[in-house]
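Structural features, examined
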Amino acid sequence: MGLFDFFKKKETAPEAQEALDKGLEKTKEGFFSKITKAVAGKSTIDDDVLDNLEEVLVTSDVGVSTTLKIIDRIEQRVAKDKYLSTSELNHLLRDEIQLLLAENNSNDFRQFEYGQHKPYVIMVVGVNGVGKTTTIGKLAHKLKAENLKVVLGAADTFRAAAVEQIKLWGERVGVRVVAQAMGSDPASVAYDTLQSAVANGEDVVIIDTAGRLHNKVGLMNELGKVKNVMQKVIPSAPHEILLVLDGSTGQNAFEQCKQFTEATDVNALAITKLDGTAKGGVVIGISDQFKIPVKYIGVGEGMNDLQLFDKKAFVDSLFK
């Protein structure tokens, strides 16, 4: 079975759908109350409605460039169909957002075959406070539940709290943690973790990294050093560089994504804390703008509330 096949198997369960619906409640409330106001007193989709809709999307943190794409597509549909009533707007909007997401992430990672790499190495990056450690812990929990052997590397050695948090998650989930004293060289921790994973025949290695937004050159050098050292043990590592973003920060998440994608080869995103915010539109905008697959979304505080990002389920839930 592929490493992520179990997500596919479990995420379609009714409880996962319920968690998604609940997690997106605040976004839905904000989004649709704004759309209702945007079409108030209008029977057809005209320029005024489109102008108002543009404002709704931008203020829902979809982002300007993605908003303009969506508006342009709707304008084309309106021009083609001549007469479209405002009652059709939600349906139209859902279609266009789904199409946009499908275009961006056609390389959906469900096709990923775990068997190519053992251990499979994930390097997790992101600023402090975005839910990086929690995401690592929840991912380890899901993998262990499928009888995969997981080891965590506490390479965020600049904060004592970060090392302690990873150790706590290791105990809670029941997976091994490799850690050194605070202030140790992060690359050294990563090297030790990979070496021991190979020796122990472990399936997945998850490496935490420092969450400071330094200048770009500092960030590039630090992450580059960790990568280079890992490659001495496993030449193809890391197989995944997972950037964790806090969905509740809206436009800040765009800025963080920009900085980290410029500094290292991010090839997967996790967007957390969607349950506590009305800014769920950020998932649509970031997915479109950066063309990097959103792999996971955090829709609650429970151990099982890290979900595989299913584009169709996400948009359907948003428009339910």
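Residues numbered from 1 in each chain as written. Predicted model: local features only at pLDDT ≥ 70, side-chain atom pairs only at ≥ 80, totals over all residues. Heavy atoms only, no water.

1. With respect to the side chain of aspartate 288
Inspection of the secondary structure puts aspartate 288 in helix α12 (residues 282–290). Among the residues examined, aspartate 288 registers a relative accessible area of 1% and is labelled buried. Not counting residues up to four positions away in its chain, the partners in contact with aspartate 288 are Thr66, Lys69, Leu100 and Asn104. (Helix = DSSP H or I, 4+ residues; strand = E, 2+ residues; numbered from the N terminus. Buried < 20%, exposed > 50% of the residue type's maximum accessible area, 1.4 Å probe, protein only. Contact = heavy atoms within 4.5 Å.)

2. Here's the deal with the packing of helix α11 (residues 251–263) against α12
Contact geometry of α11 with α12 gives a least axis separation of 10 Å together with a crossing angle of 30°. Put simply, α11 runs roughly parallel to α12. Two packed elements cross with a definite hand, and for α11 against α12 that hand is right-handed. Residues Ala253, Phe254, Cys257, Lys258 and Thr261 of α11 lie in contact with α12, whose contacting residues are Val282, Gly285, Ile286, Gln289 and Phe290. The residue inventory of the contact of α11 with α12, partitioned by class, reads 6 nonpolar, 3 polar and 1 charged. (Axes fitted to C-alpha atoms, helices over the stretch in contact; angles between N-to-C directions. Parallel < 35°, antiparallel > 145°, perpendicular 65-115°, else oblique. Left-handed = near helix turned anticlockwise from the far one by under 90°. Nonpolar A, V, L, I, M, F, W, Y, C, P; charged D, E, K, R; others polar.)

3. Observations regarding the side chain of threonine 272
Relative to the helices and strands, threonine 272 resides in strand β6 (residues 268–272). Other than its neighbours up to four places away in sequence, threonine 272 contacts Val130, Gly131, Thr135, Val244, Leu245, Asp246, Gly247, Ser248 and Gly298.

4. A short note on the pairing of strand β1 (residues 120–125)
In terms of burial, β1 is a largely internal element, 6 of the 6 residues being buried. By the bridge criterion, 5 bridges tie β1 to strand β4 (residues 204–208) in an arrangement that is parallel. Paired with tyrosine 120 across the bridge in β4 is valine 204. Across 4 bridges, the pairing between β1 and strand β5 (residues 240–246) is parallel. The residue of β5 that forms the bridge with methionine 123 is isoleucine 241. (Pairing = 2+ DSSP bridges.)

5. Here's the deal with the environment of histidine 141
Looking at the secondary structure, you find histidine 141 in helix α7 (residues 132–145). Here the alpha-carbon distance between histidine 141 and tryptophan 169, two residues 28 residues apart in the chain, equals 9.0 Å. Among residues more than four places away in sequence, those in contact with histidine 141 are Val173, Met303 and Asn304. Here asparagine 304 takes part through its side chain, which lies 3.4 Å from a polar atom of the side chain of histidine 141. (Polar contact = N/O pair within 3.5 Å; in protein donor to acceptor, adjacent residues only side chain to side chain.)

6. Description of the packing of helix α5 (residues 64–81) against α12
Running from amino to carboxyl end, α5 crosses α12 at an angle of 90°, the nearest separation of the two axes being 8 Å. With respect to α12, the element α5 is oriented roughly perpendicular. In this structure, α5 uses Ser65, Thr66 and Lys69 to contact α12, whose residues at the interface are Ile284, Gly285, Asp288 and Gln289.

7. Quick notes on unusual backbone geometry
With an omega of -5°, the peptide bond running from lysine 118 to proline 119 counts as cis. Within the element layout of this structure, proline 119 appears in the loop between α6 (89–104) and β1. Residue proline 238 is bonded to the preceding alanine 237 through a cis peptide linkage, with omega at -10°. Here proline 238 is to be found in the loop between α10 (216–233) and β5. Despite not being glycine, aspartate 61 has its phi angle at roughly 65°, a positive value. Examined against the element boundaries, aspartate 61 turns out to sit in the loop between α4 (47–59) and α5.

8. Structural notes on the sheet that holds strand β2 (residues 150–154)
Judged by pairing direction, the sheet is mixed, and its 8 strands sit side by side in the order β3-β2-β4-β1-β5-β6-β7-β8 without closing on themselves. Where the open sheet ends on each side, the last strands, each with one partner, are β3 (176–178) and β8 (306–308). Averaged over all adjacent pairs, the angle separating strand axes in this sheet is 25°, with direction ignored. This element, α11, spans β1, β5 and β6 of the sheet and lies at about 155° to β5.

9. Some remarks on the nonpolar core
Residues Leu93, Ile206, Met230, Leu269, Ile286, Ile297 and Phe314 are the most contacted members of the largest nonpolar core, which totals 100 residues. Residues contacting leucine 93, with those up to four places away along its chain left out, are Phe31, Ile35, Leu53, Ile70, Ile74 and Phe319. (Core = buried A, V, L, I, M, F, W, Y, C linked by side-chain atoms within 4.5 Å.)

10. Digging into the packing of aromatic side chains
Within this structure, the stated rule accounts for 2 aromatic pairs. With centroids separated by 6.0 Å and ring planes inclined at 90°, the aromatic side chains of phenylalanine 31 and phenylalanine 319 adopt a geometry described as edge-to-face. Separated by 288 residues along the polypeptide, phenylalanine 31 in helix α3 (residues 25–38) and phenylalanine 319 in the segment after α13 (311–318) bring together distant segments of the chain. Ring centres of phenylalanine 309 and phenylalanine 314 lie 5.3 Å apart, and the angle between their planes is 65°; this geometry places the pair in the edge-to-face category. The residues phenylalanine 309 and phenylalanine 314 share a single accessibility class, namely buried. (Phe/Tyr/Trp six-rings, centres within 6.5 Å; stacked < 30°, edge-to-face > 60°.)

11. Quick look at the pairing of β6
When you tally the buried positions in β6, you get 5 out of 5 residues, the bulk of the element. With burial as the criterion, each face of β6 is covered, one bearing Ala268, Ala270 and Thr272 and the other bearing Leu269 and Ile271. Here β5 runs beside β6; their pairing, made up of 5 bridges, is parallel. Of the residues in β6, the one forming a bridge with leucine 245 is isoleucine 271. Considered for its hand, the β-α-β crossover made up of β5, α11 and β6 is right-handed. (Right-handed = clockwise from strand over helix to strand, strands pointing away.)

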